[in-house]
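Fold and contact review
Chain by chain, the residues run as shown.
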Amino acid sequence: MTTPAQPLRDFAPCAPFPMGIQLLEASAGTGKTYSISNIVLRLIAESDDIAINRILVVTYTEAATAELRERIRARLREALLALESPDDAPSDLLDNPVIAALALKQQDDPAIKSRLRRALEGFDQACISTIHGFCRKILQQNAFESGAHFEMELVPDHGPLLQDIVDDFWTAEFHNATPLWLDAASVANKGASRQHLLALAKAATADLRLTLVPPFREDAEKVPSLAAFTEARDALKEVWESHKAEAITLISTAAKAKPPQWKLNGTSYQQRYTDGHVQRLEQWLNSDSLTPAGKVPDALAYFSPEKLEAKSKAGAVPDHPVFAAVDQCLQSWAQLETALDQALIQLKHRCVRYAREQMTTRKAALHQQSFDDLLRQVHRGLQSPESGQ
């Protein structure tokens, strides 16, 4: 049986402290520092069991930590002044509801002032710190139990190191790569360019719990074979050189023909469109790039039996070597593109593995830690104190 969720309620600085874990939600500019200083004031003033060195206050930045430390110290001073010398204290001190409530409570609890004095006298022992500063302190105080090194350098940004790691991975993967494999990995929409892999490695090393989907396949082909597509492209090039004039004439005639002759949609197959696609197709067939990038796939499709059939208004698409070779080239490219997509997924998996392994190895060699490393090390120590980690 699950416990029903408690309704949200406004934070009341003078209400009784609830037991257990409590979450205070607040947006920017709503008085978080003011509320925290009041909470610390109450914890000190209302209990003999809570000394200033037993309260942990953490925040994100060094600047925020310094401000919070001064604000808490000032709040304790203000409260003590208001209780010890109410006539000399500024009148607005009692505008603080917590200080006003303590002024009334001291009639029944005269020890409040002595608790505040002790807190101010021992304020240097207060643990008010950044999150990473607290983690570092805990690890150093428990160095043997945590396995923490004494001379580790805290580096806030390992971006340059990660760039080196990704560059090394990219070089290892592609220094002998075929142009097609390099082109496929570099195409932005595949998400496997150097920039994409760097972003992926950054996320993977920041959170070791992240996993890639679909999962890594040990039996997957690292680099797809280009043989079938290369053969189909070479065949198309040979046929195109021998029969392109016939194919162009067939299409131009069909665009102007009348039923029952084979007739193409004259709008879709205008002569200017045919000329443009012929130019693109020839540029690609005569280039060194195997990848039909840009508008080349549209040019191939323009001469494919499938599109010619779809755009026919009468008659049947004639059999022609160019149309058949284009169709075979498109089918081979579709199969290769599927294989490339699978290979790129495996490439990303290898990148994540390499980045995580190398980041750990290189940071250890440089005696460096990141903020996340501190958090993880403290977490491991809290989860498994008997392991000595």
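Structure's up top.
1. Considering the state of the cysteines
Summed over the entire model, instances satisfying the criterion amount to zero disulfides. You can see C127 has no disulfide; the closest cysteine sulfur is in C135, sitting 10 Å from it.

2. Considerations on the pattern of salt bridges
Taken as a whole, this structure holds 15 salt bridges when the rule is applied. In this structure, E46 engages R42 in a salt bridge whose closest nitrogen and oxygen atoms are separated by 2.9 Å.

3. Describing the pairing of strand β1 (residues 56–59)
Burial along β1 is one-sided: V57 and T59 are buried, and none of L56 and V58, which face the opposite way, are. Judged from the four bridges that link them, β1 and strand β2 (residues 127–130) form a sheet pairing that is parallel. Counted as the bridge partner of L56 is C127 from β2.

4. Some details on the nonpolar core
L236, L281, W284, F303, L308, F323 and L347 are the most contacted members of the largest nonpolar core, which totals 54 residues. Of all the secondary-structure elements, those providing two or more residues to this core are α7 (159–174), α8 (179–186), α9 (194–206), α10 (227–256), α11 (271–285), α12 (296–302) and α14 (321–366). At 14 residues, the largest contribution of residues to this core is made by α14. Contacts of L236, omitting those with residues within four sequence positions, involve W284, L285, L300, V322, A325, V326 and C329. By size, the runner-up hydrophobic cluster in this structure holds 25 residues, among which are L41, I44, I52 and L83.

5. A look at the environment of Y273
Its location among the elements puts Y273 in helix α11. Measuring from C-alpha to C-alpha, the distance between Y273 and E84 comes to 92 Å, with 189 residues separating the pair along the chain. For Y273, the residues in contact, after removing those within four places along its chain, are T267, S268 and Y302.

6. Considerations on helix α5 (residues 131–141)
Among the residues of α5, H132, C135 and L139 are the ones counted as buried. Buried residues in α5, looked at end-on, bunch into an arc of 60 degrees, giving them a common side.

7. Notes on the environment of V296
Looking at the element boundaries, V296 is found in helix α12. Linking V296 and H277, residues 19 residues apart in sequence, is a C-alpha distance of 7.8 Å. In contact with V296, not counting residues within four places along its chain, are R280 and W284.

8. Some details on unusual backbone geometry
Across the junction of V213 and P214, the peptide omega takes the value -5 degrees, indicating a cis bond. Note on placement: P214 falls in the loop between α9 and α10. Look at the link from P259 to P260: it is a cis peptide, with omega at 5 degrees. Residue position: P260 is located in the loop between α10 and β4 (263–264). Phi at H367 is positive, roughly 55 degrees, even though this residue is not glycine. Take H367: it is sitting in the loop between α14 and β6 (368–369). Since its relative accessible area comes to 44%, H367 is described here as partly exposed.

Calculation notes
- Residues numbered from 1 in each chain as written.
- Predicted model: local features only at pLDDT ≥ 70, side-chain atom pairs only at ≥ 80, totals over all residues.
- Heavy atoms only, no water.
- Disulfide = S-S within 2.5 Å.
- Salt bridge = Lys/Arg side-chain N within 4 Å of Asp/Glu carboxyl O.
- Buried < 20%, exposed > 50% of the residue type's maximum accessible area, 1.4 Å probe, protein only.
- Helix = DSSP H or I, 4+ residues; strand = E, 2+ residues; numbered from the N terminus.
- Pairing = 2+ DSSP bridges.
- Core = buried A, V, L, I, M, F, W, Y, C linked by side-chain atoms within 4.5 Å.
- Contact = heavy atoms within 4.5 Å.
- Arc of directions from axis to C-beta.

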